[in-house]
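A look at the structure
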Amino acid sequence: MAANAIDQTRRMLSLVTYLRERPGARVADVARAFGITEDELIGDLDVLPMCGTSFRGGDLLDIDTDGDRIWWHNPDASGTSTGEPLRLAADEATALLVAARAVATLPGLRESDRQALLRATAKIEAAAGEAAGASSRLSVRFESEGGVFADVDRAISERRRVWLRYYSPARDELTEREVDPIRLFAVGHTYMEAWCRLSEARRTFRLDRVAEIRLLDEPSDPPPVELRDLSEGLVQPAAEDPEVVIEVGPGGRWVAEYYPHDSAEELPEGGLRITLRTPDPASLRRLALRLGRDGRIVSPPELSGSAREAAREALAAYGE
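Residues numbered from 1 in each chain as written. Predicted model: local features only at pLDDT ≥ 70, side-chain atom pairs only at ≥ 80, totals over all residues. Heavy atoms only, no water.

Per an unreviewed UniProt entry, the protein chain carries the name WYL domain-containing protein and comes from Streptomyces triculaminicus.

A look at the environment of Ala307
We count it as follows: Secondary structure is summarised from DSSP: a helix means a run of H or I of at least four residues, a strand means a run of E of at least two, and numbering begins at the N terminus for each. Using a 1.4 Å probe on the protein chains alone, a residue whose accessible area is under 20% of its type maximum counts as buried, one over 50% counts as exposed, and one in between counts as partly exposed.
Along the chain, Ala307 turns up in helix H10 (residues 301–319). A relative accessible area of 8% means that Ala307 is categorised as buried. For the pair Ala307 and Ile297, spaced ten residues apart in sequence, the C-alpha separation works out to 7.5 Å.

Regarding the pattern of salt bridges
To keep things clear, this is the line we draw: Salt bridge, as applied in this entry: a Lys or Arg side-chain nitrogen positioned within 4 Å of an Asp or Glu carboxyl oxygen.
Applying the stated criterion to the full structure yields 21 salt bridges. Where Glu178 meets Arg161, a salt bridge forms, and the shortest distance between an N and an O atom there is 3.8 Å. Pair noted here: Glu178 is in strand S4 (residues 173–187) and Arg161 is in strand S3 (residues 160–168), with a separation of 17 residues, a long-range link. By relative accessible area, Glu178 is classed as partly exposed at 32%. Its salt-bridge partner being Arg296, residue Glu247 comes within 3.2 Å of it at the nearest N-O pair. Placement of Glu247 in strand S8 (residues 243–248) and of Arg296 in strand S11 (residues 295–299) is noted, with a sequence separation of 49 residues between them. With relative accessibility at 48%, the residue Arg296 sits in the partly exposed group. It is possible to trace a salt-bridge network through shared partners that takes in Arg161, Glu178, Asp180, Arg197, Glu200 and Glu218.

What about helix H3 (residues 38–47)?
In an α-helix, one full turn covers 3.6 residues, which means residues spaced three or four apart are oriented alike. Selection criterion: Here the arc refers to the directions that run from the helix axis out to each C-beta atom.
All of the buried residues along H3 are Leu41, Asp44 and Leu45. Mapping the buried residues of H3 onto a view down its axis gives an arc of 100 degrees, with all of them on the same face. Projecting away from the buried face of H3 at angles above 90 degrees are the exposed residues Asp39 and Asp46.

Given below as structure tokens:
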């Protein structure tokens, strides 16, 4: 099962120690040592340079790779070799305390994690002194997506099935289903990849469209699946794929959210003219049927004609 966000954080903390002790370590060896793929390791290495004892110059970790070996150019930035205590600036302490208090209120957070976070917050408050007073005048509230994230993260960690009420803008309806979570990821929005027990297939759910979620006592047991490389996005059309132009009304604007596209031009009365690429233009006929009066395929002409014919056949079958 894919690592969740907490597992990844723990791994990256261990990675810092591992790399400090092994200058010039090979990518393949490090990935093997941590039980992850080389692509996952490269993803971690892309994040580490944004970490450090502060966001000031020289304090961030200067770690890079040439694809074969990993080089850490300023291992002293972690602060362990100098023996000097780490100090938080007032703005850093304020940001950390506000964020910690907000995370502690998330529904679905394991109680042991909540208590550990509260203990750490109290220690930071004591060390921050006057800066802690400024943070107490600020507060952050997460939208519902934050609670859903915490519940899914907990379900992955505890290997539990979840029940969802999920909104599908394509059908403009709420559906209920049980799913076995596989992983959380972010590509523009935050998503859960899961095995859907309603369709018995792998499905992707956007967290801000989860109307309700409940952890079940039944264990999560998704079948083995190969995780897709999402570094280039959810859907990855190629430049040589045929171009398709679709015009939609206000009720079809969701197409621009669901389908990667080259452009989306505003039309009068709230419509969009969407240009996209797909290796199989014929697959968009189902989209045209789903849109109905809310949209039409403009080009290529043969696809537009095929979509109209499919619509006529569907109407004829409905009338029988």
